[in-house]
Amino acid sequence: AETPLGRYRTIMALVAVYVAGCFLAAIATHLGIESVPLYFVGTFFFIALGTGGIKPNVCTFGADQIDPALPDVDKRKESFFMYFYLMINV
């Protein structure tokens, strides 16, 4: 994400990819369409790509919120990442 695109635009672009995948998967299961290839493209390509790009970029925003001047910064970061990964994987 440390590219000319930046973290915010990278996350926004990958959220759009993720939403497009959800939309394709939903359309593919609609009665009358029922397209297995469209469902697989939506879930295994778009949703996977969006998720794979959103999770690592979003966690850095949380880590940026912890003030490095605090005395127990390592413990706070450890606690943040523990709860962050617990919540996104539940």
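Residue positions are counted from 1 within each chain, in the order its sequence is given. For a predicted model such as this one, the threshold for reporting local features is a pLDDT of at least 70, and the threshold for listing and counting side-chain atom pairs is 80 or more; totals across whole chains, interfaces and linings nevertheless cover every residue. Hydrogens and water are ignored here; the side-chain numbers use all heavy atoms of the structure.

Draft legend 1. Seen up close, a nonpolar patch on the surface. Without a salt bridge and with relative accessible area above 30%, a residue can belong to a patch; like charges are then joined within 9 Å and nonpolar side chains (Val, Leu, Ile, Met, Phe, Trp, Tyr) within 5 Å. Accessible surface area values rest on a Shrake-Rupley calculation with a 1.4 Å probe, where residue burial reflects the displayed protein chains alone. Any carboxyl oxygen of Asp or Glu within 4 Å of a side-chain nitrogen of Lys or Arg constitutes a salt bridge here. Side chains of M82, Y83, L86, M87 and V90 sit close together on the surface and give an oily, nonpolar patch of about 590 Å² of accessible area. In this scheme, a residue with accessible area under 20% of its type's maximum is buried, one over 50% is exposed, and one in between is partly exposed, where area comes from a 1.4 Å probe on protein chains only. Residue V90 is classed as exposed on the basis of its relative accessible area, which comes to 79%.

Draft legend 2. Examining the environment of F84 more closely. Secondary-structure assignment places F84 in helix α3 (residues 73-89). Judged by its relative accessible area of 15%, F84 is buried. Sequence separation between F84 and N57 is 27 residues; the distance between their C-alpha atoms is 12 Å. Residue contacts follow a heavy-atom distance rule, with two residues in contact if any of their heavy atoms lie within 4.5 Å. Residues within four places of F84 in sequence aside, it is in contact with K55, V58 and C59. Starting at the N terminus, helices and strands are each numbered in turn, a helix being any DSSP run of H or I of at least four residues and a strand any DSSP run of E of at least two.

Draft legend 3. Layout of the packing of aromatic side chains. Only rings of Phe, Tyr and Trp enter the pairing, Trp through its six-membered ring, and a pair is recorded when the two centres are within 6.5 Å. The plane angle decides the type: under 30 degrees is stacked, over 60 is edge-to-face, the rest tilted. The final tally for this structure, using the stated rule, is 8 aromatic pairs. On the numbers, 5.0 Å between centres and 85° between planes, the contact of F45 with F46 is edge-to-face. Its relative accessible area of 47% is what places F45 among the partly exposed residues. Between F80 and F81, the ring centres sit 5.0 Å apart and the planes meet at 70°, which makes this aromatic pair edge-to-face. Of the residues examined, F81 reaches a relative accessible area of 27% and is grouped as partly exposed. An aromatic cluster of three or more residues is present, and its members are F80, F81, F84 and Y85.

This is a description of form; function is not addressed.
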